[in-house]
Amino acid sequence: MSRESIKNTLSLTLITVIAGVLLGLVYEVTREPIAKEKQRAKEEAYKTVFADAVSFEESIVPDGTSDDIKAQGYDADIDEVMSVKDTNGNIIGYVLTVTDHEGYGGDIQFAMGVKLDGTLNGISFLSIGETAGLGMKATEDKFKDQFKDKRISRFIYTKNGAMKDDEIDAISGATITTNAVTGGVNAGLYFINTLINEVNKEVG
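Just so it is clear, the model here is predicted, and its values are computed rather than measured.

As a further point, take the nonpolar core. Ranked by size, the top nonpolar core spans 32 residues in total, and within it Met112, Phe147, Val181 and Val185 carry the most contacts. Sorting elements by how many residues they give to this core places helix α4 (residues 175–203) first, with eight residues. Counting residues in hydrophobic clusters, the runner-up holds nine residues, among them Ala45, Tyr46, Val49 and Val84.

Our focus in this paragraph is the sheet that holds strand β5 (residues 120–127). With antiparallel pairing, the five strands of this open sheet are ordered in space as β1-β2-β3-β4-β5. Of all the strands in the sheet, just β1 (55–59) and β5 have a single pairing partner and so form its edges. This sheet shows a mean twist of 25° between the axes of neighbouring strands, independent of strand direction. Where strand β4 (residues 108–115) lies against β5, six bridges are found, and the strand directions are antiparallel. Within the sheet, the bridge partner assigned to Val114 lies in β5 and is Leu120.

On to the packing of aromatic side chains. Under the criterion given, the structure shown has four aromatic pairs. Ring geometry for Phe110 against Phe125: centres 6.1 Å apart, planes inclined by 70°, an arrangement best described as edge-to-face. One end of the pair, Phe110, is in strand β4; the other, Phe125, is in strand β5, and 15 residues separate them in sequence. You'll find Phe110 and Phe125 in the same group, each marked buried. Taking the centre distance of 5.1 Å and the plane angle of 75° together, the rings of Phe147 and Phe155 count as edge-to-face. Overall, Phe155 belongs to the buried group, its relative accessible area being 1%. These aromatic residues form a ring-pair network of at least three members: Phe143, Phe147 and Phe155.

In this section: unusual backbone geometry. Phi is positive for Asp149, close to 55°, though the residue is something other than glycine. For Asp149, the location among the structural elements is in the loop between α3 (141–144) and β6 (156–158).

Glancing now at the pairing of strand β2 (residues 76–85). Within β2, nine of the 10 residues are buried, leaving the element largely enclosed by the surrounding structure. Pairing analysis gives five bridges linking β1 to β2, with the strands arranged antiparallel. Residue pairing for β2: Ser59 is matched across the bridge by Val81. In this sheet, strand β3 (residues 91–100) lies alongside β2 in antiparallel orientation, the contact comprising nine bridges. Looking at β3, one finds that Glu80 is bridged to Thr97. Counting the residues that bridge the hairpin from β2 to β3 gives five residues, and of these Gly89 lies at a positive phi of roughly 85°.

On the surface, a cluster of nonpolar side chains totalling about 290 Å² of accessible area is made up of Leu14, Ile18 and Leu22. Among the structural elements, Leu22 can be located in helix α1 (residues 3–49).

This brings us to the pattern of salt bridges. Any two side chains of opposite charge can pair if their charged atoms end up close together. Within the structure shown, the criterion is met by four salt bridges. Residue Lys70 is joined to Asp77 by a salt bridge in which the shortest nitrogen-to-oxygen separation is 3.3 Å. A residue is classified by how much of its surface remains accessible, and Lys70, at 38% relative accessible area, is partly exposed. With a relative accessible area of 18%, Asp77 lands in the buried category. Residue Asp141 pairs with Lys144 through a salt bridge whose shortest N-O separation is 3.9 Å. Of the two residues, Asp141 and Lys144 are both situated in helix α3; the distance of three residues between them amounts to about one turn of the helix.

Rules used throughout
Residues numbered from 1 in each chain as written. Predicted model: local features only at pLDDT ≥ 70, side-chain atom pairs only at ≥ 80, totals over all residues. Heavy atoms only, no water. Core = buried A, V, L, I, M, F, W, Y, C linked by side-chain atoms within 4.5 Å. Buried < 20%, exposed > 50% of the residue type's maximum accessible area, 1.4 Å probe, protein only. Helix = DSSP H or I, 4+ residues; strand = E, 2+ residues; numbered from the N terminus. Pairing = 2+ DSSP bridges. Axes fitted to C-alpha atoms, helices over the stretch in contact; angles between N-to-C directions. Phe/Tyr/Trp six-rings, centres within 6.5 Å; stacked < 30°, edge-to-face > 60°. Patch = residues over 30% accessible without salt bridge, like charges linked within 9 Å, V, L, I, M, F, W, Y side chains within 5 Å. Areas by Shrake-Rupley, 256 points an atom, 1.4 Å probe, with all protein chains shown as cover. Salt bridge = Lys/Arg side-chain N within 4 Å of Asp/Glu carboxyl O.

Pasting the structure below:
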């Protein structure tokens, strides 16, 4: 190997090492602010879907939950369960963080609040990367509010105009996104209704 080749190799190696160190420093500097911003966004979403909450307390997602949900035909995961409490410390409902894996642009993550009687307060998106002007319309109130204040065990979507409480108007040109969000909500409702039934059995 010539002296020039050795020099070039050492230069490239040095540049690579320096770049790696700088990237590591940037990661360390930005990691905490990013984590704080994600937590702030989650807490804001929790309040959006459960405005009556005084406090939130993390609950354990039971083992086997993902398998159980997939057995129901939903390609979704329950990432987090928060018990919602009032001023007296009583549980008045739950907030779930749900990730559906069937979005057109990848995973769709949202929070959903459910009262103890099974009423869905609504949904608030945490992460969604659907097509602008089409799937991203899922984030608009016109679509989201269809899930609001509904006591339904399972939603279906229609392209012909929703006529019943359990029907959701599909987003024009974005059936895949509509299906993903509806499926994720249904997965959350299945989980929460199962959880509430188990709690009621224990109380009874």
